[in-house]
Structure formats: C-alpha cells, structure tokens
Amino acid sequence: MAERMEELGVDELDVAVVGAGIAGLSAAHRLAAAGREVRIFEGADRVGGRMASTRVDGWLLDEGAETIAGTGYEATWELIRAAGIQESEVPVVEPGFALWRGGRAHAHLGHPKGLLTGAGLSWRGRAAWLRFAVELATSWRGFDPDRPETAPSRDLTLSQFCAGSRGREELLAAMLQPLSSHCFGWRPESSAIAPMVATLMSVGGAGARWMTYRDGMDTLALRLAERLRVELGSRVVAVRELPGGAGARLEFTDGAQVVARQVVLAVPAPLALELHGDAAEDARPYLAASTYTPMLKVACLLDRPLPSPTRSPSYAVSVPETESRVCTGLILDHLKAAGRAPEGRGLASVFASPWISPELMDQPDEQVVETVCAEAERFLPGLRDATVRTLVHRFRLGLPQGSPAAVRERAAFLARPARAVEYAGDWVMLRPSSEGAVRSGRLAAERVLAFAAQRSGAGSGPGSGPGSMTMAETAAGPVPVPEPRTPGSDAAASEEAAVTDAGASEAAGSDLPAGDRGGETAGAV
C-alpha cells in the first residue's frame, strides 16, 4: 500500500486529525503520548476554534468560550497541568451572574444567595428553584453527567419539562431560559433539558466557581499546538474511507490528498457529516441529530470601565426572552479578569439572542452592531457613548443544540464499533462546553487505540503495537465506552507518566462560568 501511494504522489500518515480546536488538540495530544504519529490539519490560520482569542491595541478579546470551571472540568485540568500551565495563569472570576428583570439587574443568578435575595424571582419562583434543586439531589441522584441520555427527564425540552406549573414556568422564564440562551444560544422549545442539567450538575451549578485563562481562552490550545504537528490553512473537503477499514483518504481544497491509517474528525457534527459522506449507518442518525445553534456577539472596546450593574459585583447579565429578543446577555470583560483592557479602559461583550442571530449572521458588521448594541444600551447604560471600536464575532456552528433527537440517538452512537474514522467535539459528549470537547478528544483517542489493537491482534506478540498496524488488516469489532477518569486515579496517573516520558504536552461558543459532580444542593442550578 505504501509503495502504491508513493507512486500516486499521495502522502501516507499514521493518524490524521481534522480540526485544531480543543477537541482535536486533546485527541492528538493523547495519541502522541501513546506513541502514535499524528498530524493535525486546520483550515483556519490559527488554532483554538471556538476558544480563539484576539489581541487588539492592548485589548484581549475572547471570541467564543469565556470561562472554565474549578470543578467538573477534570479532563481540562489534566491537560492544563500536563501543559505546564500554572495556577496563577487561571485566575478565579470573582464577580457573579446577574439577571435583568423588571427594569433592573438582580445579582446572584443561579447562586445559593439568590434564594435569599430573589435574584429576580418571586417567592413562587424561588420555591420552584428550591424544589428543583431537591429533585436533582433525589430522583436525579446517581445520574452520570457524561450520559445525558440517561437523565430522568429523557428527551423533554426545557419548555416541556417546566410546563404545567406556575412556579416552574417562572423558573424557566427567569433562570433556565436566560442562562441557556445566553451561554448556549438555545431556545427552550427546541433544546432538551438533560444536557443543560448535566453540565450544571457536573460543575455544582451556575453559581459555581468559574475561572478564566489570564492570557486568553486560547492559552491551552496554543500550549498544546506547540508540541504537536499542526498544519494551518489546510482545509479538508472530503474524507473517504478505504475498503475493509484500511484507512481513509483526505482531500483538500488545493487538490492535494493524503491517506491515513486512522482519522479523527474533530469538527462540528454537521461539518463531519458533510466531509464524511460515507459515514456508517450506525453513526449517521446521531450525526444528523446533533444540530447546532449559531452564536454571535459584539466586542465593544470602551474608553472607560463601565461599573457593575449590581451593588454586589456582577460581570455578566443574562436577559430573558420576555425582556428582549435581540440581546440575550452581556459580559463586562474588564470585571471578568485583569488585563482584558488597557489601564483606564473597558471591554464589554454583547450577545445576540437565538431568536435574532440567524437573521443577523449574514448582515454587515455595521448593521449587527447597530441592532445589538442599541438594544444593549437598555441593560448597560452608557455603553454606546463609551464605545470607541467594535468587533463582531460569528460562529455559524456555535454550540450543540442539545436536541431531543440527539438525546434519543446518542446511546446507539456510543455503542457503534470503532472504525478507521472516529469523531471528536463537544457534540459527541452532548455537553456544550470546552470540557465536553476535551472529554470527546480523550474518548476518540481511546477508540483509535482500541481499533489499532484489534486490527493487530489485540496487541499480543512482537511488532503488534499501534505503529505496526498494516492497511490490509481486518475490520474492528465493538469498543466499550470507557468510564470517565478523574485526576488522582491510577489511570490518570499512568497517563500523566506516559505524557512525561513521551515529552508531550496535555493540555470551544461559550462555556458557562465554572467543576466535580457535586453541588446537588439548593444552589445546584
């Protein structure tokens, strides 16, 4: 096979990873640590994907994801430590989230303090919040956030789950919908509640301890890429599997081709389905069900730091649909972390709502800014007067929509046999966050290694390691889904040792501000 590829002028690779977002980098890092030769192909001119950051005249703009969690992000923290990122480089976000309701911002949205202050909810809404937290601590006890499809809520949407109770309907209107629309870009009638609750429970609730990267949300991606072979500006247009599980051919926009023994498609599901036209029948239903919501936000560079909208400091304000279908939330980045704006200046990010994002996506930047920022002035007075420059950040494939169909189809997708082409991305975990992306990279790497071991006789005998797999060996059988590993476990310790020995490094869209699986208390949502 190698000789034939050489005759045709086609490169032959061991493992090709398509996409240099955090999912692809996570998968590539783990595979490199296991001794595989990995090459990453990224169509853009930079790494990070939805965790990209921009530096402009002293301002530091997080284009997609905003934060990570202190707990519940075990896979991310494993990568952070392995990449040599120090704790001082990941500061805590001290201010909290606020809710705009009734003409003003209310502090402590989703935080236990909100049960006392109200956080914009009536006594009925607070009682529903408390009952919901108790329900999570009882009937949801034992629920695995890595398997949203097993949730007691099954495939119910947020709207369906909260229907029929005035208290729950207020909980939806004044907490669940604003948080899901602001942080995930979701509409409550079309997204399932299970993935959202899984994300919240894993980190201990929306009022949990959130953190950010001091030097931008692309810090981890940049550190990982330094130790991996990444080819930027290499846009893949098709991935075609070879007969008998013998690998796959990658085709690029410039007409170039490479053949790889194994491939990881670390891209959003709609793009994976487009690139991998011959995806197996047992993978296609979940790929098709894993739809995405667009995300659009405007970065406003300010000539002064605007103050917190609440007496108790809040760096973010979520806006319910009942208040606005144009602006779903704002973040005061200069309150989120130091160094986001030059001394004496400020920075604010304004998020378009999921009701208007689709129609604004193709509008000129000037129109987007006029529409979104004019509305945001209601919630952050003085914004337009203080703005000296704006930048519009668009993600057509923002975050997984968490559709009911995806909840129904995920179990079968996970049970499929491993093949030459695997997938990574937060959509695989049905957990819309950078932690979901990192975990998916780990899962993809484990499936790649298991497939190689099966094709080489389960790793027994001389010359049966991953690098000795031939393109003509037989197809693989099923691969069990691995249990999540936590820091401090034997498996995690062994992996970290392997990383050190190999000399490799470990290290999406908007993450909720952040996490263990604890937090099943009154303040868990």
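Before going further, it helps to spend a moment on the overall build of the chain. In terms of regular secondary structure, the chain is built from 19 helices and 18 strands. Relative to its 525 residues, the chain shows a buried fraction of 60%. Split by element, the accessible area of the chain, about 19,100 Å² in all, is 51% carbon and sulfur.

All right, on to helix 7 (residues 166–184) then. The axis of helix 7 is deflected most strongly, by about 45°, at L172. Extensive coverage of helix 7 is indicated by the burial of 16 of its 19 residues. Phi turns positive one or two residues past the end of helix 7, at G185, with a value near 75°.

The next point concerns the sheet that holds strand 14 (residues 314–318). Read from one edge of the open sheet, seven strands run 7-6-14-15-16-13-17, paired in mixed fashion. In this open sheet, the two strands that pair with only one neighbour each are strand 7 (104–107) and strand 17 (387–400). Shown here is a sheet whose adjacent strand axes are inclined to one another by a mean of 25°, direction ignored. For strand 14 and strand 15 (residues 327–332), the ladder comprises three bridges, and the chain directions are antiparallel. Among the inter-strand pairings, S318 is bridged to a residue of strand 15, identified as G329. Those strands touched by helix 7 are strand 6 (96–101), strand 13 (292–302), strand 14, strand 15, strand 16 (346–352) and strand 17, and its axis lies near 120° from that of strand 6.

This next bit is on unusual backbone geometry. The phi torsion at H108 lies on the positive side, around 70°, for a residue other than glycine. Here H108 shows up in the loop between strand 7 and helix 4 (114–117). Here the phi dihedral of A119 falls at roughly 50°; this positive angle occurs in a residue that is not glycine. Its place among the elements puts A119 in the loop between helix 4 and helix 5 (123–138).

What follows concerns the pattern of salt bridges. Overall, the coordinates contain 39 salt bridges when judged by the stated rule. R378 is the salt-bridge partner of E323, the closest N and O atoms lying 3.9 Å from each other. You can see E323 sitting in the loop between strand 14 and strand 15 and its partner R378 sitting in the loop between helix 14 (365–376) and helix 15 (383–386), a full 55 residues away along the chain. Between R384 and E370 there is a salt bridge; the shortest N-O distance is 2.7 Å. Of this pair, R384 sits in helix 15 while E370 sits in helix 14, and the two are 14 residues apart along the sequence. The class for R384 is partly exposed, based on a relative accessible area of 39%.

Okay, the packing of helix 5 against helix 7 next. For any two helices packed against each other, the geometry is given by the interaxial angle and the distance between the axes. Relative to each other, helix 5 and helix 7 sit at 90°, their axes nearing to 8 Å. The angle between the axes of helix 5 and helix 7 places the two elements in the roughly perpendicular class. Across from R124, G125, A128, W129, F132 and E135 in helix 5, the residues of helix 7 making contact are R166, G167, R168, E170, L171, M175 and L176. In the contact of helix 5 with helix 7, the residues fall into six nonpolar, two polar and five charged.

Volume-wise, the second largest pocket comes out at about 310 Å³. The wall of the second largest pocket is formed by 20 residues, among which E94, P95, G96, H111 and G207 lie closest to the centre. The set of elements that each furnish at least two residues to the lining of the second largest pocket consists of strand 6 and strand 14. Looking at side-chain class alone, the lining of the second largest pocket contains 11 nonpolar, six polar and three charged residues.

Here we take up the nonpolar core. In this structure, V17, L25, I68, Y213, L220 and V264 are the most contacted members of the largest nonpolar core, which totals 43 residues. The set of elements that each furnish at least two residues to this core consists of strand 1 (11–18), helix 2 (22–33), strand 2 (38–42), strand 5 (68–69), helix 3 (74–82), strand 8 (210–211), helix 9 (219–226) and helix 18 (434–455). With six residues, the single largest contributor to this core is helix 2. With residues near it in sequence (within four places) discarded, V264 still touches A16, V17, V18, A27, L31, E422, Y423, A424, A444 and V448.

Along the chain, P112 falls in the loop between strand 7 and helix 4. Taking the relative accessible area as the measure of exposure, P112 reaches 39% and is therefore partly exposed. It is 9.5 Å that separates the C-alpha atoms of P112 and A208, two residues lying 96 residues apart in sequence.

For the rest of this paragraph, the subject is the packing of helix 2 against helix 3. With their axes 12 Å apart at the nearest point, helix 2 and helix 3 run at an angle of 60° to one another. Between helix 2 and helix 3, the angle falls in the class oblique. Relative to helix 3, helix 2 is oriented so that their crossing is left-handed. Here S26, H29 and R30 of helix 2 lie close against helix 3, whose contacting residues are A75, E78 and L79. Of the residues contributing to the contact of helix 2 with helix 3, the split by class is two nonpolar, two polar and two charged.

Across all of its chains, the model carries 11 aromatic pairs by this definition. Residues F41 and F252 carry aromatic rings whose centres are separated by 5.0 Å and whose planes lie at 65° to one another, so their mutual orientation is edge-to-face. Placement of the pair is F41 in strand 2 and F252 in strand 11 (residues 248–252), with a sequence separation of 211 residues. Judged by its relative accessible area of 3%, F41 falls in the buried class. When the centroid spacing of 5.4 Å and the interplanar angle of 90° are considered together, the rings of W140 and F143 count as edge-to-face. Considered together, W140 and F143 belong to a single accessibility category, that of buried residues. Feature note: the residues Y286, F413, Y423 and W427 constitute an aromatic cluster, connected by ring pairs. The side chain of R126 reaches across the aromatic face of W123, ending 3.8 Å from its centre. Over the ring of F413 we find R416, and its NZ or CZ is 3.9 Å from the ring centre.

Rules and cut-offs
Residues numbered from 1 in each chain as written. Predicted model: local features only at pLDDT ≥ 70, side-chain atom pairs only at ≥ 80, totals over all residues. Heavy atoms only, no water. Helix = DSSP H or I, 4+ residues; strand = E, 2+ residues; numbered from the N terminus. Buried < 20%, exposed > 50% of the residue type's maximum accessible area, 1.4 Å probe, protein only. Areas by Shrake-Rupley, 256 points an atom, 1.4 Å probe, with all protein chains shown as cover. Bend = angle between axes of the 7 residues up to and from the residue. Pairing = 2+ DSSP bridges. Axes fitted to C-alpha atoms, helices over the stretch in contact; angles between N-to-C directions. Contact = heavy atoms within 4.5 Å. Salt bridge = Lys/Arg side-chain N within 4 Å of Asp/Glu carboxyl O. Parallel < 35°, antiparallel > 145°, perpendicular 65-115°, else oblique. Nonpolar A, V, L, I, M, F, W, Y, C, P; charged D, E, K, R; others polar. 1 Å grid on protein atoms, 1.4 Å probe; cavity = no way out; pocket = protein on both sides within 12 Å on 5 of 7 lines; lining within 4 Å. Points joined across faces, edges and corners; volume = space filled by probe spheres on them. Core = buried A, V, L, I, M, F, W, Y, C linked by side-chain atoms within 4.5 Å. Left-handed = near helix turned anticlockwise from the far one by under 90°. Phe/Tyr/Trp six-rings, centres within 6.5 Å; stacked < 30°, edge-to-face > 60°. Lys NZ or Arg CZ within 6 Å of the ring centre and 35° of its normal.

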